[in-house]
Amino acid sequence: MKICVLGLGYIGLPTALLFAAHGANVVGVDVKQSVVDCLNHGNLPFSEPGIESLYREAKDRFFARTEPEAADVFLIAVPTPLDPATKVSDLSYIKNAAEMIAPHLREGNLVILESTVPPGTSERVVIPRLEKSGVAVGEFQYAHCPERAIPGRTLQEMTGNSRIIGGYDRDSTDRATAVYQTFVRGEIYQTDTRTAEFVKLMENTCRDVNIALANEFAQLAEECGINVWEAITLANKHPRVTVLNPGPGVGGHCIAIDPWFLTENSTRCRMVATAREVNDSMPNYVLHIARSMLAGIRNPTICIFGVAYKGNIGDTRESPAFKFIQLAENEGYTVRCHDPHVGEFPHPLMDAADAVTGSDCLIILTDHDRFREIDPAGLRMRTKLAIDARNILDHQKWTEQGFVVRVLGDGSPMHPVTLAGLMPSVALYPADATRSVAPPSPPSVSLLSPNEREGYL
Ligand code: SAJ
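Structural notes, computed from the coordinates. (Residues numbered from 1 in each chain as written. Predicted model: local features only at pLDDT ≥ 70, side-chain atom pairs only at ≥ 80, totals over all residues. Heavy atoms only, no water.)

## Side note on the site of the ligand
Keep this limit in mind: Think of it this way: one heavy atom of a residue within 4 Å of a molecule or strand is enough to make that residue near it. Distance and chemistry together define a polar contact, namely a pair of N or O atoms within 3.5 Å, with one atom able to donate a hydrogen and the other to accept it when in protein, and with adjacent residues in sequence counting only for side-chain atoms on both sides. Residue burial considers only the protein chains on display, and all accessible areas are found by Shrake-Rupley using a 1.4 Å probe. Of the two site types, the cavity is a set of points on a 1 Å grid over the protein atoms alone where a 1.4 Å probe fits but cannot get out, and the pocket is an open set with protein on both sides within 12 Å along at least five of seven lines, each lined by residues with an atom within 4 Å of a point. In this description, a molecule resides in a pocket or cavity if more than half of its atoms sit within 2 Å of the grid points defining it. Amino acids are sorted into nonpolar (Ala, Val, Leu, Ile, Met, Phe, Trp, Tyr, Cys and Pro), charged (Asp, Glu, Lys and Arg) and polar (every other residue, Gly among them).
Neighbouring the ligand are 20 residues, the closest being Glu-147, Lys-200, Arg-207, Cys-254 and Tyr-309. Interatomic distance of 2.4 Å between a side-chain N/O atom of Arg-207 and an oxygen atom of the ligand. Here Arg-390 contributes a side-chain N or O atom positioned 2.9 Å from an oxygen atom of the ligand. Starting from 770 Å² of accessible surface for the ligand in isolation, the protein chains cover 89%. If you map the ligand onto the pockets, it falls in the largest pocket. Its residues placed into classes, the shell around the ligand shows nine nonpolar, four polar and seven charged.

Right, here's the structure in full:
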C-alpha cells in the first residue's frame, strides 16, 4: 500500500510514520520546504514522546516532498485555523490539499480527511474539489476519520484510542477501517461522513464547556469564601459527577477553536459560545488577582512560569499566556517569562533564576511537573507574592518561606503567613542544586505595609 499524507504537522507526521512503521510506503507532503528538508536530512520538526524511535523504524519507507504523487491512499491532515475576526473556520489549507490531490487521483483510490472541519465540509468543500480529477466519488472512496490524539501522548493515543470512521459509502467506510487497522488497536466505530465531522466537534466542545463550568465554579467559590479544589474533589466522589480543573484559560489548537466550527452556521446556540467566552476570560481573571495583590507596589515586575498551553509539553499554540502577557504589559507590569519545555516564544524566555530574581510576583500559568519541585527558599524575589493558577504548588511550604500565595479558585481564609526575610538562595529546582548562585542581596524595598498585608490575608 502506498499512502500520500498531506500535512506533516503534529498529527500528519506521526500518522505518516505509524503507517510506514507498519509496512506502508509513505510519501509525506508539506508545502513548507523547511519541514521537508528537515525530515529528509533525518531530523524531526518538533518533539513528541517516542517519535524519534518511530522515525528510525519508519525511515526506510518514508520520504518527504512538497508535492503529492500517485498513491493508493491520500490522507489530509492539514490545519483548519479559525479566522479570529469572524470566528469562522478558514478552510483554505483543506481546499488547497484537495486541489493538490486531484491531478493524481485515480479510480479505486481512497481519500481520508483527518483534519477537524465544520459538519458538511466533506460534501460541500472537499469532495467537489477531488472530483475535479474527472473521477466521481463512488469511483474513488472517501472517509472522514478525525484524529483523537492528545499532544504529549500522541503516539500512545493514535494506536490505543478508539476511532470514528465516517465513509461516503459502505465500501469507503470498510476500506478506511482496514487501512487504520494496520496500526490502531482501539475499537473502530463506523458511521457516515457528516456524523463523524459532528462527533469530533462534540468531543472537543464537551471538554471546553466542562472546563468553562470548572472555571465558573472557581470564581463562585472565591466569592463564597471556599476552596474550589477541595470542593471539586468532594463533588467528584459522586458516582455520576466529574468536574474538570479550573485554570488560566484553554489553549491548544483544538479545544479553543473547534467549538466555533460547530456553531458557525447556527443561529440558536448559546451554551457553546458562552463557554468559549468564559474560558477566554480566564487570563483577565488571573490579571484581576495579580492586580489586587500588586496594588501599592511601584513598577511591579511579574514572572510567568509556563507559557505552554498545558503541562509537560512545549506547545504554545493558542496558549492563554499570550493574552495574559498582553494584559499584564498593558497594565504597566514588566513581564518576564520562563518555560523549561518551550524553545521559541515571541516574548523572550529567561532562565528560571533570572526570571525570578528581583521580581514581585511569580505566576504559575502552566502545570509543568517541574514547577512542583520549585524550592521557594531559593527564590530571590523583591516581593514574595505568588499566584498559582493551576494549584500545583505546596502552598504550606511557600507560606512558611514568607510567601503570600493566591490560588485560583481558593477563597478560603488563608493560613497566617510570615513575611520572613529572604532565605539564602539555593537553586530553583533540586536538579540545579550544583549550580553556583551568588549570595542573596537583601530585599531592596519592603513593599507591603502591615495593613496592606492584612488586605491579602
Ligand atoms: N484544561 C483545563 N482544565 C482541565 C483540562 C484542560 O484548563 O481540566 C486546559 C489545558 O490546560 C489546555 C486546554 O484545556 O490549555 C486543552 O487541553 P486538553 O488536554 O484538554 O486537550 P488538547 O487540546 O491537548 O487535546 C484535545 C483532546 N480532546 C479531548 O480530550 C476531547 C484530544 O483528544 C484531541 O485529539 C485534541 O484536542 C484535538 O486535536 O482535537
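## Quick notes on the packing of aromatic side chains
As a reminder of what qualifies: Between the rings of Phe, Tyr and Trp (Trp by its six-membered ring), a pair exists once the centres lie within 6.5 Å; its type follows the angle of the planes, with under 30 degrees stacked, over 60 edge-to-face, and the other angles tilted. Secondary structure elements follow DSSP: runs of H or I no shorter than four residues count as helices, runs of E no shorter than two count as strands, and numbering proceeds from the N terminus. The cut-offs for exposure are 20% and 50% of the maximum accessible area for each residue type, with area from a 1.4 Å probe on protein chains only; residues under the lower value are buried, those over the upper are exposed, and the others partly exposed.
Enumeration according to the criterion identifies eight aromatic pairs in this entry. With 5.9 Å between their ring centres and 55° between their planes, Phe-19 and Tyr-180 make a pair best called tilted. Of this pair, Phe-19 sits in helix α1 (residues 12-21) while Tyr-180 is found in helix α7 (residues 170-180), placing the two residues 161 residues apart along the sequence. Both residues of the pair, Phe-19 and Tyr-180, belong to the buried class. Counting every residue linked through ring pairs, the aromatic cluster contains Phe-19, Tyr-180 and Phe-183.

## Remarks on the packing of helix α4 (residues 92-101) against helix α5 (residues 121-130)
Quick reminder of the rule: A fitted line through C-alpha atoms serves as each axis, taken over the contacting stretch for helices, and the angle formed by two N-to-C directions is quoted from 0 to 180°. The cut-offs work like this: below 35 degrees is roughly parallel, past 145 is roughly antiparallel, 65 to 115 is roughly perpendicular, and the gaps in between are oblique. Two helices cross in a left-handed way if the nearer one is turned anticlockwise from the farther one by less than a right angle. They cross in a right-handed way if the turn is clockwise. Contacts were defined at the residue level, with two residues in contact if any of their heavy atoms lie within 4.5 Å.
The N-to-C vectors of α4 and α5 enclose an angle of 20°; their axes lie 8 Å apart at closest approach. By the criterion of interaxial angle, the relationship of α4 to α5 is roughly parallel. Relative to α5, α4 is oriented so that their crossing is right-handed. Facing Ile-94, Lys-95, Ala-98, Glu-99 and Ile-101 of α4, the residues of α5 in contact are Val-125, Val-126, Arg-129 and Leu-130. Grouping the amino acids of the contact of α4 with α5 by side-chain chemistry returns six nonpolar, no polar and three charged.

## Describing the environment of Cys-4
Relative to the assigned elements, Cys-4 resides in strand β1 (residues 2-6). In this structure, the C-alpha to C-alpha distance between Cys-4 and Val-73, residues 69 residues apart in sequence, is 6.3 Å. For Cys-4, the residues in contact, after removing those within four places along its chain, are Val-27, Val-29, Pro-68, Glu-69, Ala-71, Val-73, Phe-74 and Leu-75.

## Digging into a nonpolar patch on the surface
Inclusion rule: Patch criteria: residues need more than 30% relative accessible area and no salt bridge. Like-charged residues are merged within 9 Å; nonpolar side chains of Val, Leu, Ile, Met, Phe, Trp and Tyr are merged within 5 Å. For salt bridges, the criterion is a side-chain nitrogen of Lys or Arg within 4 Å of an Asp or Glu carboxyl oxygen.
Residues Leu-213, Phe-217 and Leu-220 make up a contiguous nonpolar surface patch of roughly 250 Å² in combined accessible area. When you line up the elements, Phe-217 lands in helix α8 (residues 193-224).

## Considerations on the sheet that holds strand β7 (residues 110-113)
Put simply, the rule is: When DSSP finds two or more bridges between two strands, those strands count as paired.
Taking strand neighbours across the sheet as the criterion, the eight strands line up as β3-β2-β1-β4-β7-β8-β9-β10 in an open arrangement whose pairing is mixed. Looking at strand neighbours, the two that pair on one side only are β3 (62-65) and β10 (188-192), the edges of this open sheet. Within the sheet, the average angular offset between the axes of one strand and its neighbour, ignoring direction, is 25°. Direction of pairing for strand β9 (residues 163-167) relative to β10: parallel, over a ladder of five bridges. Opposite Ile-165, over in β10, you have Gln-190 as the bridge partner. With respect to the sheet, α1 is in contact with β1, β2 (25-29), β3 and β4 (73-76), its orientation differing from that of β3 by roughly 145°. Sitting on the sheet, α5 touches β4, β7 and β8 (141-144), and the angle it makes with β8 is about 145°.

## Regarding the environment of Ala-308
Its location among the elements puts Ala-308 in the loop between β11 (301-305) and α13 (320-330). Not counting residues up to four positions away in its chain, the partners in contact with Ala-308 are Ile-313, Gly-314, Asp-315, Thr-316, Ser-319, Asp-339, Val-342, Thr-366 and His-368.

## A short note on the pattern of salt bridges
Across all of its chains, the model carries 17 salt bridges by this definition. Salt-bridge contacts for Glu-99 lead to Arg-129; the nearest nitrogen and oxygen are separated by 3.0 Å. One end of the pair, Glu-99, is in helix α4; the other, Arg-129, is in helix α5, with 30 residues separating them in the sequence. Taking the relative accessible area as the measure of exposure, Glu-99 reaches 35% and is therefore partly exposed. Put simply, Asp-315 and Arg-317 hold a salt bridge, and the shortest N to O gap is 2.8 Å. The exposure class assigned to Asp-315 is buried, which follows from its relative accessible area of 5%. Residue classification places Arg-317 among the partly exposed residues on the basis of a relative accessible area of 28%. Ionic contacts of the salt-bridge type, sharing partners, join the residues Lys-2, Arg-65 and Glu-69 into one network.

Purely geometric stuff here, so don't read any function into it on its own.
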